[in-house]
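Fold and geometry: a report
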Amino acid sequence: QGSRAGPPRVRSANARLISISTLKLIEHSTRVVQMRRAFTSNLPEQQLDALQQLVTKHISDPALTKIAGSDDFSMTSTERGLQRWEQAHLVAALDVLNAYQIERKSRSACHLGSLRLARTKDFKKDPRTRMCELLKRWLRTHAGSALVSEEELRGICGLCRDMLNHPKLFPARNPRSFLQSVAEVYDHLQRQLKEVLERDRTCADLAQRVLSLSRNLISDAIGFLLLAPTDFRHSDALPSLEVVALWQSLPDLGHVLPGRVDPALQRTMRDVWETQCGSILAAVLGTPWCVRLFDGARAEEEASRAVEDRPSALCIEDKGSMKTLDSATRSMRGSEAKAASGNNQGSTSCNRGVGLLISEAASQFERGNFKHSGLAGAFRDAKDPAQTRVRQSYFDAAQIVFDMVYLLAEVLVQFHRISDGLGDYGMIRMSPWLHPFLDALTDKVQRLKANLDHINEAVESAYVLARARQGRVEKPAPSDRMTARAHSCIERAVTGRGSHAQALGQAIEELKTRSAPERLPMVSGSLGDACKTLHIILQSPEFRASIGDAFTELPPLGDMESTSARSAQPPKVDLKQLTDGTSSDSEHGDSHTLAIEWCDRAKEFPV
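Residues numbered from 1 in each chain as written. Predicted model: local features only at pLDDT ≥ 70, side-chain atom pairs only at ≥ 80, totals over all residues. Heavy atoms only, no water.

Focus: the overall build of the chain
Counted only if it meets this: Only runs of H or I of at least four residues qualify as helices and only runs of E of at least two qualify as strands under DSSP, and these elements are numbered from the N terminus. Burial classes follow relative accessibility: with a 1.4 Å probe on protein chains only, a residue under 20% of its type's maximum area counts as buried, one over 50% as exposed, and anything between as partly exposed. Contact criterion: two residues are considered in contact whenever any of their non-hydrogen atoms come within 4.5 Å of each other. Accessible surface is estimated by sampling points in the Shrake-Rupley manner with a 1.4 Å probe; for residues, cover comes only from the protein chains shown.
When helices and strands are counted, the chain shows 21 helices and 7 strands. By the burial criterion, 44% of the 607 residues in the chain qualify as buried. Of the contacts formed within the chain by residues at least 6 apart in sequence, a portion of 70% connects residues at least 24 apart. Taken as a whole, the chain presents about 32,900 Å² of accessible surface, with 52% of it coming from carbon and sulfur.

In structure tokens:
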């Protein structure tokens, strides 16, 4: 042993050398660890900053944009969180993120040969967790939805794709890494986007989209007219400018939904609605068609009960007189056929009311009476032609908004009902009525956009730019909050990228294309082919073997071949009359019927 170990002095020298080498190795490892800690201590901040920039770039939903400064994106359950799904690729992407969070472990920076030590650690609010929770929240919301917005889906796809450009910010330490999971999610989102783009939307879907975009456009237009060229500083107390929220602040007199009033907001906005500009907007908001357009059948029933509970509802006709609005408010769904003449009278009454309010305000402004106008100081000079044009644009925009509310609630809603009941075939048959209506609606949208643009340019010059340049500002002036909210309204409505007006024009054109008469042979032939194919399958031995002997014998539906041949070349139809009322002389008794009068015969279809 002595010969192998060497003399004591040699062993001592060797031990000192080993100790020095060990100390140097430990010192070097310590420096490496310190350098890594110095780098990794700043890494989470860099990751969070990069993610916040990407989210701001791609996501428009305010509930998802504050990933860095909010505590909402902490770790949640790794379960799906939804009972059933409609979009297979979205729920698969959700499973990928949950699997990543389940398998994720903290990996040590120290190595033992080729092995890296794993440590147990809970990740709750780190950047990777925050991003996973943002994606999971969006996926859980939309995986169970029948319709997914192409724009939102593109935003999420772009977010995931841009994250893949930062491999150094998110180094991979786990077998299932963060970027690998994001790549799998991106792949599923791309497949989902392809399905969305290939989906053939029906006329009913397009009509519903036109209604939805129109509601957004009208709501933001009213908010802009309420705030931009006025001095309604009391509006700063309003928590929301949406139509359904403004109803709460309308005065009690003639209120269509008295059960929804908020006394505190009524007191705040009382002076606003008594001005000339405010009374015009209040008249538009208080029409039954506004209730139908923005709150549907339930609100209509509530408004109908309110009319029955009070002697008469009032519609302003001129400065010193009122006119009853009972006939207009009774034009609710379910009694439309019986109250057709009442509808026309109510429409004329309210139209005259809004028109008289506008005429009275214009007359007062021409005489220089602006005391109760509600206009901001920069638009109160009766002799300035530029200000006169701004005031005229305001009146024109208000009148167009009222016209659109009536047209959408009274006309387009009925077209939508037809497309729901009769599908594309019914809408194509209605195209001689539908297309001229859509053309007129497009013209209204363009004129509204031009008037709002003109008002916005004047407000920007008189107040926004003047304040920024520390110039003179005419008083009374809108508050800073008013101008900021008005800018948000006009940006969403007409000036921003992907504005309501632009999207609405595209939806109208798509609806016209989808309901074009040229598609009728194709739709009719497709229906005939489907019936014929179904007839063959129901008579096949495979169907009988699968469904069992207890299945009843099906009655014949006629000659499928002749039906298909006739549908390929449909006869010329003269659509003269379309009514939704009560048929007492038909075999259906007093049931609701949809009567389509042909040029050579009349047929009735129960609905």
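A few points about helix α5 (residues 127-143)
Stated formally: How far a helix is expected to stretch is found by multiplying one less than its residue total by 1.5 Å.
The end-to-end C-alpha distance of α5 is 24 Å, a good match for the 24 Å that 17 residues give at a rise of 1.5 Å each. Within α5, 14 of the 17 residues are buried, leaving the element largely enclosed by the surrounding structure.

Quick word on the layout of surface pockets
Applicable threshold: Cavities and pockets are found on a 1 Å grid laid over the protein atoms alone: a cavity is a set of points where a 1.4 Å probe fits but cannot escape, a pocket is an open set with protein on both sides within 12 Å along at least five of seven lines, and a lining residue has an atom within 4 Å of such a point. Grid points are joined across faces, edges and corners, and a volume is the space filled by probe spheres set on the points. In the scheme used here, Gly and all other residues not listed as nonpolar or charged are polar, with Ala, Val, Leu, Ile, Met, Phe, Trp, Tyr, Cys and Pro taken as nonpolar and Asp, Glu, Lys and Arg as charged.
The volume enclosed by the largest pocket comes to roughly 2,000 Å³. Counting residues per element, the ones that place at least two in the lining of the largest pocket are α2 (8-58), α3 (62-65), α5, α6 (150-163), α7 (178-198), α8 (203-227), α17 (480-495) and α18 (500-514). The biggest single contributor to the lining of the largest pocket is α8, with 8 residues. Here the residues of the lining of the largest pocket are counted per class, giving 13 nonpolar, 16 polar and 19 charged.

Details of helix α15 (residues 385-429)
Selection criterion: Bend is the name given here to the angle between axes fitted to two runs of seven residues, the run ending at a residue and the run starting at it.
In a regular helix each residue adds 1.5 Å, so 45 residues correspond to 66 Å; α15 covers only 49 Å between its end C-alpha atoms and thus falls short of that length. Maximum bend of α15: about 130°, positioned at Leu 422.

Some words on empty space enclosed by the protein
Counted under the stated rule, the structure contains 1 cavity of 30 Å³ or more. Here the largest cavity defines a volume of roughly 50 Å³. Together, Phe 224, Ala 228, Asn 456, Val 459, Glu 460, Val 464, Thr 483, Ala 486 and His 487 line the largest cavity. When residues of the lining of the largest cavity are traced back to their parent elements, those giving at least two are α16 (431-468) and α17. The dominant element in the lining of the largest cavity, judged by the number of residues it contributes, is α16, at 4 residues. Looking at the lining of the largest cavity residue by residue, the classes come out as 5 nonpolar, 3 polar and 1 charged.

Description of the packing of aromatic side chains
Test applied: Any pair of Phe, Tyr and Trp rings, taking the six-membered ring for Trp, is counted once the centres come within 6.5 Å. Such a pair is stacked with planes under 30 degrees apart, edge-to-face with planes over 60 apart, and tilted for the rest.
One pass over the structure, following the stated rule, counts 10 aromatic pairs. Aromatic side chains Tyr 100 and Phe 178 sit 6.0 Å apart centroid to centroid with 55° between the ring planes, which places their arrangement in the tilted category. Linking Tyr 100 in helix α4 (residues 88-103) with Phe 178 in helix α7, this pair joins segments that are 78 residues apart in sequence. With a centroid separation of 5.3 Å and 85° between ring planes, the pair formed by Trp 289 and Tyr 406 is classed as edge-to-face. Highlighted residues: Trp 289 in helix α12 (residues 288-309) and Tyr 406 in helix α15, separated in sequence by 117 residues. An aromatic cluster of at least three residues, connected via ring pairs, comprises Phe 365, Phe 370, Tyr 394 and Phe 395.

Overview of the packing of α8 against α16
Where we set the bar: Structural elements are reduced to axes, namely lines fitted to C-alpha atoms, with helices fitted over the stretch in contact, and the angle between N-to-C directions of any two is expressed from 0 to 180 degrees. Throughout, the term roughly parallel applies to angles under 35 degrees, roughly antiparallel to angles over 145, roughly perpendicular to angles from 65 to 115, and oblique to all others. Should the near helix be turned counterclockwise from the far one by less than a right angle, the crossing is left-handed, whereas a clockwise turn marks it as right-handed.
Direction vectors running N to C along α8 and α16 enclose 25°, while the axes themselves pass 12 Å from each other. Classed by the angle they form, the pair α8 and α16 counts as roughly parallel. Seen from above, α8 lies across α16 with left-handed handedness. Listed contacts from α16 to Val 210, Leu 217, Ala 221, Phe 224 and Leu 225 of α8 are Leu 441, Val 445, Leu 448, Leu 452, Ile 455 and Asn 456. Its residues assigned to classes, the contact of α8 with α16 shows 10 nonpolar, 1 polar and no charged.

Examining the pattern of salt bridges
Note the cut-off: Within this document, salt bridges are pairs made up of a side-chain nitrogen of Lys or Arg and a carboxyl oxygen of Asp or Glu, the two lying within 4 Å of each other.
By the definition in use, this model includes 21 salt bridges. Two residues, Lys 57 and Asp 162, come together in a salt bridge whose shortest N-O distance is 3.1 Å. Within this pair, whereas Lys 57 is found in helix α2, its partner Asp 162 is found in helix α6, the two being separated by 105 residues in sequence. For Lys 57, a relative accessible area of 58% gives the class exposed. Residue Asp 162 is classed as buried on the basis of its relative accessible area, which comes to 15%. The salt bridge partner of Arg 472 is Glu 474, with a shortest N-O separation of 2.5 Å. With relative accessibility at 67%, the residue Arg 472 sits in the exposed group. When salt bridges that share partners are traced, they join Glu 103, Arg 176 and Glu 184 into one network.

Digging into the side chain of Ser 499
Residue position: Ser 499 is located in the loop between α17 and α18. Ser 499 has contacts with Glu 491, Arg 492, Ala 493 and Val 494, leaving out every residue within four places of it along the chain.

Side note on the side chain of Arg 128
Formally: When charges are counted, neither His nor the chain ends are considered; positive counts come from Lys and Arg and negative counts from Asp and Glu.
Relative to the elements of secondary structure, Arg 128 occurs in helix α5. Comment: no salt bridge for buried Arg 128; closest opposite-charge side chain is Asp 126, at 5.2 Å.

Comments concerning unusual backbone geometry
Cis geometry marks the peptide bond from Lys 475 to Pro 476, where omega comes out at 0°. Its place among the elements puts Pro 476 in the loop between α16 and α17. A positive phi angle is found at Gln 470, which is not glycine, with a value near 60°. Within the secondary structure, Gln 470 sits in the loop between α16 and α17. The exposure class assigned to Gln 470 is exposed, which follows from its relative accessible area of 74%.

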